[in-house]
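Examining the three-dimensional arrangement
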Amino acid sequence: MRYTSVLFDLDGTLLDTLGDLTAAMNRTLTRHGLPERTRQQMRAALGNGARRLMELSVPTGTDSALFETLLAEYNADYAAHCRIETAPYPGVAALLRQLHAQYKIFIVTNGNTEIQKRRIAASGMAQYFDRVFISEQMGCKKPDKLFYDKVFAEIGEAYRTQSIMIGDSFSSDMQGGRNAGIPTCLYGRAEPEEPLCDYVVTDLLELPALLASL
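Everything quoted here is computed from the prediction, not taken from an experiment.

As for its placement among the helices and strands, Ser135 is situated in helix H6 (residues 135–138). Look at Ser135 and you get buried, because its relative accessible area is 11%. Among all residues touching Ser135, those that are not within four sequence positions of it are Thr109, Asn110, Gly111, Cys140, Lys141 and Phe147.

With that out of the way, let us pick up the pattern of salt bridges. Evaluated as defined, the whole model comprises nine salt bridges. Put simply, Asp11 and Arg119 hold a salt bridge, and the shortest N to O gap is 3.6 Å. Highlighted residues: Asp11 in the loop between strand S1 (5–8) and helix H1 (18–32) and Arg119 in helix H5 (residues 113–123), separated in sequence by 108 residues. Owing to a relative accessible area of 0%, Arg119 belongs among the buried residues under this scheme. Through salt bridges with shared partners, a single ionic network connects Lys145, Asp149, Glu157 and Arg160.

This part covers the nonpolar core. Among the nonpolar cores identified, the biggest contains 27 residues, and Phe8, Leu14, Leu96, Met125, Phe129 and Leu207 are the most heavily contacted of them. Contributing elements (two or more residues each) for this core: S1, helix H4 (92–100), strand S2 (104–109), strand S4 (163–167), strand S5 (184–187) and helix H9 (207–213). Take this core: its biggest share by element is four residues, from H4. Leaving out residues up to four positions away in the same chain, Leu207 has contacts with Phe8, Leu95, Ile166, Cys185 and Val201. Phe133, Met138, Ile155 and Met165 belong to the second-largest nonpolar core, a separate cluster that totals 15 residues.

If you trace the six strands from one edge of the open sheet to the other, you get S3-S2-S1-S4-S5-S6, paired in parallel fashion. Strand pairing shows two members of the sheet lacking a second neighbour, strand S3 (131–134) and strand S6 (199–201), which therefore form its edges. The sheet shows a mean angle of 20° between the axes of neighbouring strands, taken without regard to direction. Judged from the four bridges that link them, S1 and S4 form a sheet pairing that is parallel. Across the sheet, residue Leu7 finds its bridge partner in S4, namely Met165. Across the sheet, helix H8 (residues 170–180) is in contact with S4 and S5; its angle to S5 comes to roughly 165°.

Further remarks concern helix H7 (residues 145–155). Of the positions making up H7, those classed as buried are Phe147, Tyr148, Val151, Phe152 and Ile155. Down the axis of H7, the buried side of the element spans an arc of 125°, and every buried residue falls inside it. Looking one or two residues beyond H7, the residue adopting positive phi is Gly156, at roughly 115°.

For the rest of this paragraph, the subject is H5. Listing the buried residues of H5 in full gives Thr113, Ile115, Gln116, Arg119, Ile120 and Ser123. The N-capping residue of H5, defined by a side-chain oxygen 3.0 Å from the backbone nitrogen of Glu114, is Asn112. Backbone geometry just downstream of H5 places Gly124 in the positive-phi region, at approximately 80°.

On to the pairing of S1. Side chains of S1 alternate between two faces, with Ser5 and Leu7 and Val6 and Phe8 buried alike. Bridge count between S1 and S2: four bridges; the pairing is parallel. What sits directly across from Val6, in S2, is Ile105.

About the cut-offs
- Residues numbered from 1 in each chain as written.
- Predicted model: local features only at pLDDT ≥ 70, side-chain atom pairs only at ≥ 80, totals over all residues.
- Heavy atoms only, no water.
- Helix = DSSP H or I, 4+ residues; strand = E, 2+ residues; numbered from the N terminus.
- Buried < 20%, exposed > 50% of the residue type's maximum accessible area, 1.4 Å probe, protein only.
- Contact = heavy atoms within 4.5 Å.
- Salt bridge = Lys/Arg side-chain N within 4 Å of Asp/Glu carboxyl O.
- Core = buried A, V, L, I, M, F, W, Y, C linked by side-chain atoms within 4.5 Å.
- Pairing = 2+ DSSP bridges.
- Axes fitted to C-alpha atoms, helices over the stretch in contact; angles between N-to-C directions.
- Arc of directions from axis to C-beta.
- Polar contact = N/O pair within 3.5 Å; in protein donor to acceptor, adjacent residues only side chain to side chain.

Structure below.
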C-alpha cells in the first residue's frame, strides 16, 4: 500500500457548505447595492473554487480597497450566519469508516477554529479523524507550504511521502498539496487543471478503489 494517510479538506469536500457561502455572498452584495459588474465578478470568484473563508482574490479591474472591504464583511457575515449543523455529503460517514480501517485520516481546513470544531462535532464524524488542523490555530492557511510543514512536523515527517491530499479547490487544496510536495486528488470536477491535481473523483465513494490501486 503506497499511502498510509489521507489529508482531507473539510468544507465543500466532506461537508456541504456551499449554500452557506453563497447566501453570505448574496447578503453582502445586496446590502451594498453594488453595480452588477462587481456582483458578477465576486460571484465568479466564489464559483471558481474560492469556497472558503479569505480565499477570494481581487478580480481584474476591480477596486482592490473596495473588494477587500466587501470580502471582510462577507467573511464576518458568513461566520455570524453559517449553519453549524452543516450536513456531510451522502455516503461520507460510510466512506470514512471504511478508510479509517486502513489509513490515518487528517483534516486540513481553512477557517474559524470554533466554527470548524463545532461543525465536526455536530457531523458525527470526529471519531474517524486522527488529527484536525485548522488555519486559525496554525497561524497560516492553505495553500501555504508552511501550513503543511507544520502539519507534518506534528504528525511526523515520514507521512509526507505516504500522504495524499483530497479536496475540492484548485487554489487551496490542489495548490497546497503541490506546494507541500504530496500527490493530490480533486473531488467534484471531471476536468482537472493540469498540473495541479494528480487524480480526480467525481464521487467520494470512488476513493477506496482509487487508493487501493495506487
